[in-house]
Structures are given as structure tokens and as C-alpha cells.
Amino acid sequence: MTSDGSEQVRASGARDPDALIRRAGVRGDPDRDQHFLVDDRVVDRIPTYLPEGTDLSHVLEIGGGPGVLTDRLLEVADRVTVVEQDETFAAHLRREFTEEVEDGRLTVVDGDALAVDLPEFTACVSNLPYGISSEIAFRLLPRGKPLVLMFQKEFGERMAAESGTSEYGRLSVSAQHYGDVHVCEIVPREAFDPQPAVQSAIVRVTPREPDYEVDDEEFFLDFVKALFTQRRKTIRNGIRNTAHISGLADPDAVVEAADEDVLRKRAGNMAPTEFAELAQLAADVGL
Ligand SMILES: C[S@@+](CC[C@H](N)C(=O)[O-])C[C@H]1O[C@@H](n2cnc3c(N)ncnc32)[C@H](O)[C@@H]1O
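Given the structure is predicted, the values throughout are model-derived calculations rather than measurements.

Draft legend 1. Spotlight on the domain arrangement of the protein chain. Parsing the protein chain into structural domains produces domain 1 (17-207) and domain 2 (217-286). Computed over C-alpha atoms, the centres of domain 1 and domain 2 are 34 Å apart. Partitioning the side of domain 1 that touches domain 2 into residue classes produces two nonpolar, six polar and one charged.

Have a look at this one:
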């Protein structure tokens with residue numbers, strides 16, 4: 001705290017997380033997915049995980065809370081839009097960053113990130129509300145922009161997992177369809193207040209085209225989802241048992257046309273490219 005009693009900023013110019021929480025006037029409520037970052041070192045590192053050369057002209061943040069990450073994003077971005085569902089925190093953000101709001105550098109959107117229209121953004125950096133992190137991630141991924149997102153550790157590791165590992169699944173194939181997924185850092189519970197029940201992971205998604213082609217993206221993703229519901233079964237049985245999920249009209253035709261080597265595999269050992277090839281074949285002969 002300074003001699004005049006203010007505790008606005010640290011020497012580096014960044015706002016202090018505890019002071020921000022105090023000024024917000026309420027504590028985080030875990031039932032509302034409110035676990036606020038209080039470890040400056042972690043907050044400082046988050047924007048640095050964006051891929052080199054990221055366009056920082058308009059950064060989106062989902063769930064601003066007291067504004068510790070918003071503050072860091074305003075240091076590096078030309079413009080920030082933050083979506084915050086809790087009215088108390090949305091009002092606090094407008095108060096805390098009055099100058100930036102007046103200058104048009106910060107827009108605070110009140111509302112549910114799953115329901116509001118998201119703006120055109122050039123990158124998204126967020127400590128996500130964990131209860132809806134999957135739905136939010138799959139709203140963001142198809143936009144094809146760099147993402148740095150905090151998830152529950154297990155979720156982040158599943159997103160980044162490679163075939164043949166126990167974490168690999170539908171989430172890995174679907175997320176990696178949109179970009180390269182990398183776990184940048186595991187964050188301990190102590191970095192938050194209130195502390196979450198489990199550790200967290202900061203995940204970077206660098207957008208790129210997949211190294212395979214699928215004509216019908218929706219069918220591809222449904223097909224992958226279907227086969228992972230039967231991950232212990234062979235692909236042959238998986239195709240036959242899950243037509244109600246994949247939407248295949250003639251699963252037997254797919255089994256007849258597919259390679260025996262592929263049919264003997266299990267979903268957990270199929271690389272994304274193999275899923276894509278099989279999905280193309282399935283769409284041709286079985287839909
Ligand atoms: C994990 S906290 C992160 C807060 C802050 N960015 C930080 O790192 O300290 C998640 C924030 O998302 C907000 N939130 C929860 N559900 C939301 C939703 N559906 N849409 C937008 N914000 C939401 C919560 O109120 C909370 O402020």
C-alpha cells in the first residue's frame with residue numbers, strides 16, 4: 001500500500017489481484033464458477049503464451065471477474081472485450097477501468113458467454129468458468145483464432161492428448177481438428193481464491209488447417225463422437241453399434257468397404273487422420 005493509502009498498482013504498473021478483489025467488494029462464489037487468480041506470476045505469464053506474431057488488435061476475455069487478467073490484457077492489446085455474467089463484477093470492471101472504457105479500449109459485455117453474440121476477435125485469453133468450459137471452447141475453436149485458456153487440468157490434458165494415450169478421446173480429436181493444442185503450464189490450486197477442488201492447466205490453441213480433408217465437418221465430428229462411445233470395442237463393432245449417433249444409414253456398407261487393419265483397431269489408437277479417412281469413406285458409402 002502507498003503512503004496515501006492507495007494500492008492501485010504495483011511497481012510494474014499492473015494492478016494487484018488482492019486489491020482488485022477488495023475493490024470488487026465481493027468474494028468469489030465457487031457455485032458461480034468464480035475462482036480468481038491471485039498469483040501475479042501466473043497472471044503475468046498467461047498473455048506470453050500466445051503464439052508469436054498474434055494479432056493483438058482485439059483480444060476477447062470470457063469471465064473477467066475482478067479484472068486481474070483484463071488488466072494484463074489491456075497492457076498488451078489495442079482493444080479488449082470482456083464478457084462477464086455476474087452483474088456485480090461487470091459493474092466493478094466498468095468502474096475499475098473507467099478510463100479504458102471511455103477511450104474505447106475496453107468493452108464490458110454483461111451476459112452469458114454461451115448466449116451473447118461474441119465479437120470478431122483476433123485472439124482470446126481467458127481463465128474460463130469451469131462449469132461451461134467445454135461449451136465455450138467449442139464456441140471459440142471454429143473461429144480459427146489463437147486461444148490461451150485456463151481449464152481444469154484433466155480437461156486441458158485430454159484436449160492436448162495424442163492417440164495411444166489414456167487421455168486421448170473425442171475431445172482430443174475435436175479440439176485438434178481446429179489447431180495445435182499445447183499445455184503451457186499446470187497451475188496449482190493455491191494460485192486462486194477461492195481455491196478450486198483440482199489443479200488447472202493453461203492451454204494454447206494455435207489455429208491451423210488439419211492435415212486431412214473432410215467434406216462434411218459435422219458428420220466427421222459426430223462419427224468421432226460415436227466411435228468413442230464404444231472405445232473398448234473394435235472400430236468394426238463401433239461403426240455397427242453407433243449408427244444412431246453418427247447418423248449412418250448403412251453401417252454395414254462402411255464395414256465392407258473399410259480396410260481390415262482399421263476395422264481391427266480401437267478408437268483410442270486411431271490418429272485424427274485415420275478418423276478423417278474413415279469418415280470420408282463412411283460418408284461416401286454409408287450415409
Ligand atoms: C474462473 S473465474 C475467472 C475470473 C478472472 N478472469 C480471474 O482470472 O481471476 C470465471 C469468471 O467467469 C464468470 N462467469 C461464470 N459463468 C459465466 C458465463 N456463462 N458467461 C460469462 N461469464 C461467466 C464468473 O462470474 C467469473 O468472474
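Draft legend 2. Region of interest: the nonpolar core. Ranked by size, the top nonpolar core spans 56 residues in total, and within it Leu37, Val59, Cys124, Val125, Leu149 and Val203 carry the most contacts. Broken down by element, this core gets its largest block of residues, five residues, from strand β6 (residues 147-152). Those residues within four positions of Leu149 in sequence are excluded, and the remaining contacts are Ser126, Leu128, Ala137 and Val203. Val173, Ala226, Leu227 and Ile235 belong to the second largest nonpolar core, which has 18 residues in total.

Draft legend 3. A look at the site of the ligand. The ligand sits among 24 residues. The nearest are Phe36, Gly63, Gly65, Asn127 and Pro129. Those elements giving two or more residues to the shell around the ligand turn out to be β1 (36-37), α3 (68-76) and β3 (80-84). Its residues placed into classes, the shell around the ligand shows twelve nonpolar, seven polar and five charged.

Draft legend 4. Structural detail: the UniProt feature "domain: Ribosomal RNA adenine methylase transferase N-terminal" (unreviewed entry) in the protein chain. Those places that UniProt annotates as "domain: Ribosomal RNA adenine methylase transferase N-terminal" (unreviewed entry) correspond, in this numbering, to residues 42-209. As annotated, residues 42-209 comprises 30% helix and 26% strand, and the C-alpha atoms at either end are separated by 30 Å.

Draft legend 5. Spatial organisation of the confidence of the model for the protein chain. Taken over all residues, the pLDDT of the protein chain has a mean of 94, while the share at 70 or more is 96%. Residue range residues 1-9 is modelled with pLDDT below 50. Its contacts to residues more than four positions away, or to other chains, number seven contacts. Reported confidences for the modelled complex are a pTM of 0.93 and an ipTM of 0.99.

Draft legend 6. Molecular detail of helix α1 (residues 17-24). Taken together, the buried positions of α1 are occupied by Pro17, Leu20, Ile21 and Ala24. Viewed end-on, α1 has its buried residues packed into an arc of 100°, placing them on one side of the element. For α1, the secondary structure elements touched by its buried residues are β1, α2 (40-45), α3, α4 (87-96) and β8 (192-193). One or two residues past the end of α1 sits Gly25, with phi positive at roughly 85°.

Draft legend 7. Helix α14 (residues 272-286), seen in detail. Over its 15 residues, α14 runs 20 Å from end to end, which matches the ideal 21 Å to within 8%, given 1.5 Å per residue. On its buried face, α14 sits against α8 (170-176), α9 (217-228), α12 (251-257) and α13 (260-263).

Draft legend 8. Seen up close, unusual backbone geometry. Between Asp193 and the following residue, Pro194, the backbone shows a cis peptide bond with an omega angle of -10°. By secondary structure assignment, the location of Pro194 is in the loop between β8 and β9 (200-207). Even without a glycine there, the phi angle at Asp33 is positive, about 60°. Looking at where Asp33 falls in the secondary structure, it is placed in the loop between α1 and β1. The class of Asp33 is partly exposed, set by 18 C-beta atoms lying within 10 Å.

Draft legend 9. Examining the UniProt feature "binding site: S-adenosyl-L-methionine" (unreviewed entry) in the protein chain more closely. Following the UniProt record, one finds the feature "binding site: S-adenosyl-L-methionine" (unreviewed entry) at His35, Leu37, Gly63, Glu84, Asp112 and Asn127. Within the fold, Asp112 resides in the loop between β4 (106-110) and β5 (123-127). Along the chain, Asn127 falls in strand β5. We classify Asn127 as buried; it has 28 C-beta atoms within 10 Å. When neighbours within four sequence positions are excluded, Asn127 is seen to be in contact with Leu37, Gly63, Leu69 and Met150.

Draft legend 10. Spotlight on the packing of α9 against α14. At their nearest, the axes of α9 and α14 sit 10 Å apart, and the two run at 110° to each other. Viewed along their axes, α9 and α14 adopt a mutual orientation that is roughly perpendicular. α9 and α14 meet at a crossing whose hand is right-handed. Within the contact between the two elements, α9 uses Phe219, Phe220, Phe223 and Val224 and α14 uses Phe275, Ala276, Ala279, Ala282 and Ala283.

Draft legend 11. Quick peek at the pairing of β6. Of all six residues making up β6, five are buried, and the element is well covered by its neighbours. By the bridge criterion, four bridges tie β5 to β6 in an arrangement that is parallel. Among the inter-strand pairings, Asn127 is bridged to a residue of β6, identified as Met150. Regarding topology, helix α6 (residues 133-140) serves as the crossover connection from β5 to the parallel β6, and that connection is right-handed. Relative to β9, β6 runs antiparallel, the two sharing six bridges. Bridge assignment links Met150 to a residue of β9, and that residue is Ile202.

How each quantity is defined
Residues numbered from 1 in each chain as written. Predicted model: local features only at pLDDT ≥ 70, side-chain atom pairs only at ≥ 80, totals over all residues. Domains from an automatic or database assignment. Nonpolar A, V, L, I, M, F, W, Y, C, P; charged D, E, K, R; others polar. Core = buried A, V, L, I, M, F, W, Y, C linked by C-beta atoms within 7 Å. Buried ≥ 20, exposed ≤ 12 C-beta atoms within 10 Å, placed from the backbone. Helix = DSSP H or I, 4+ residues; strand = E, 2+ residues; numbered from the N terminus. Contact = placed C-beta atoms within 7 Å. Near = placed C-beta within 6 Å. UniProt positions renumbered as here; feature names shortened; annotations may be inferred. pLDDT = per-residue confidence, 0-100. Arc of directions from axis to C-beta. Expected span 1.5 Å × (residues − 1). Axes fitted to C-alpha atoms, helices over the stretch in contact; angles between N-to-C directions. Parallel < 35°, antiparallel > 145°, perpendicular 65-115°, else oblique. Left-handed = near helix turned anticlockwise from the far one by under 90°. Pairing = 2+ DSSP bridges. Right-handed = clockwise from strand over helix to strand, strands pointing away.

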